Amino acid sequence: MSNDAAGRQTRFIVLLAALVALGPLSIDGYLPGLPDLADDLRAGAAATQLTITACLAGLAIGQLIAGPLSDTYGRRRPLLAGLALYTIASALCAVAPDVRTLIGLRLVQGIGGAFGIVIANAMVRDRTSGTRTARLFSALTLITGLAPVFAPVLGGQLLRVTAWPGIFVGLAVLGAVMLAASAVGLPETRSSASRRPLPAVFGQLLSDRVFTGYVLANGLVFAAMFAYISGSPFVLQEIHGLSPQQYSAVFAVNAAGLIAAARISGRLVARAGARVLLLAGLLGATAGGTTVLGAVLTRAPLPVLLIGLFVLVSSVGLVMPNAAAQALADHGGHAGSAAALLGFSQFMIGGALAPLAGAGGATDALPMGIIVAVLPALALLALGVLTRPGPSRQAGAVTGSPLPGPGTEAVTAARRSRWEGIRRRRPEYDDRDTG
């Protein structure tokens, strides 16, 4: 790959990573300011928590809107519209007069932010195929792991110089910067010839049992991580007596494990294959979750519980990029809609099940233990029952071969041969979509 092509690829990845980070930053960036927010708006704890739920709901619903629109009208126009909506909603959150208004604006903010997440994933599928898709998703997973860790830290630093509305001003500025950067630096990745009238493809996608299997595997493991995030503060601090600083250190170590696993995935996917790495991640998550449940039931020493949590969270770094690559492999013609269902499942399954981890309150870790043990096991079951790829699908989706698998859009042999010839003469074109 030439230096110019490598530079374009790097800028492309950086912009996509920033778009993916908008969601976690929107959810977690203002958490340090929640107590002050509740006081200023005279809101109770339940109403204040709804501002988080509204953003999660917006991030889920917005993906179902953004995906089909980007398949029909191209990636750039819906993306820029979504970023504009996000920027305006973030600015209005800073001047919300009451908590009800803030809840509504947070819903709109989440919808706008969802455009960046789903279109970034669709752009990856537009530009790559096979193992290169899995590598790029691994890079984006690094951001997914880093953003929730650093978002509260950044929010806390902003609170040193401003009140909680300043955090939303910061998010609005970030949205405006991303809008300008995307307008200038992101090319259109979906050609006019491949666009279709707004379809009702969700039913078609969900009728593909292999696609559904990968979506469920990804969503269930993501929900297990959500359960860890929502339940671990009470389990580790209230039951096991860790200080906030010690808990933050544990959280950072687990996030580092996720990041390391995603990096390993990117390096190994060409040799091992995305499906093999996905299976390894699901087995690891199941083992980690089972260890957590066992530690809770037997009242094992704290290190046993911490090891289980580390294995569980680290395994997510193998599951997410490879599940996404496998799910989108045979759906390049409507990658936006496929990415939308993938993202929707993450936030909806996670948002619905994660709160159950706190059912035991600050005195019982059993609900969290059950959830983090059962969900990865169900994900492994979904993979085994719903995804049994034949040789052609394995060749196309796992090893990166240009051969289409079942359900792949019809692509002529002449077009395949032409692209292979271009790749041999011009390696930098390996980043282009081959269908």
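Residues numbered from 1 in each chain as written. Predicted model: local features only at pLDDT ≥ 70, side-chain atom pairs only at ≥ 80, totals over all residues. Heavy atoms only, no water.

### Concerning unusual backbone geometry
A positive phi angle, close to 50°, is found at arginine 42, a residue other than glycine. As for its position among the elements, arginine 42 is in the loop between helix H2 (34-40) and helix H3 (45-73). A relative accessible area of 79% means that arginine 42 is categorised as exposed. Of note, the phi angle at arginine 299 is positive, near 55°, even though the residue is not glycine. Residue placement: arginine 299 occurs in the loop between helix H11 (274-298) and helix H12 (302-328). According to the relative accessible area criterion, arginine 299 is exposed, its value standing at 76%. (Helix = DSSP H or I, 4+ residues; strand = E, 2+ residues; numbered from the N terminus. Buried < 20%, exposed > 50% of the residue type's maximum accessible area, 1.4 Å probe, protein only.)

### As for helix H13 (residues 335-353)
Counted at 1.5 Å a residue, the expected span for H13 with its 19 residues is 27 Å, and the 27 Å between its end C-alpha atoms agrees. With 14 of 19 residues buried, H13 lies mostly within the body of the structure. (Expected span 1.5 Å × (residues − 1).)

### Let's talk about the confidence of the model for the chain
Averaged over all residues, the pLDDT of the chain equals 80, while 81% of them reach at least 70. Contacts from residues 422-435, a stretch scored under 50 in pLDDT, to residues over four places away or in other chains number 30 contacts. (pLDDT = per-residue confidence, 0-100. Contact = heavy atoms within 4.5 Å.)

### Things to note about the environment of alanine 323
Within the fold, alanine 323 resides in helix H12. Look at alanine 323 and you get buried, because its relative accessible area is 0%. A C-alpha to C-alpha distance of 9.5 Å links alanine 323 and phenylalanine 211, two positions 112 residues apart in sequence. With residues near it in sequence (within four places) discarded, alanine 323 still touches Tyr214, Asn218 and Leu278.

### What about the packing of aromatic side chains?
Going through the model one piece at a time under the given rule, you end up with three aromatic pairs. A ring pair is formed by phenylalanine 222 and phenylalanine 226, whose centres lie 4.9 Å apart and whose planes are at 40°; its orientation type is tilted. Residue phenylalanine 222 and its partner phenylalanine 226 are located together in helix H9 (residues 209-239), separated by four residues, close to a single helical turn. Comparing phenylalanine 222 with phenylalanine 226, the two get one shared label, buried. (Phe/Tyr/Trp six-rings, centres within 6.5 Å; stacked < 30°, edge-to-face > 60°.)

### Thoughts on the environment of glycine 110
With respect to the helices and strands, glycine 110 occurs in helix H5 (residues 99-127). For glycine 110, a relative accessible area of 2% corresponds to the buried category. Residues glycine 110 and leucine 59 lie 51 residues apart in sequence; the distance between their C-alpha atoms is 4.5 Å. Sequence-distant contacts of glycine 110, defined by excluding residues within four places in its chain, comprise Cys55, Gly58 and Leu59.

### Some remarks on the state of the cysteines
In total, this model carries zero disulfides according to the counting rule given. Note on cysteine 55: no disulfide assigned, nearest cysteine sulfur contributed by cysteine 93 at a separation of 8.4 Å. The buried category is assigned to cysteine 93, whose relative accessible area is 0%. (Disulfide = S-S within 2.5 Å.)

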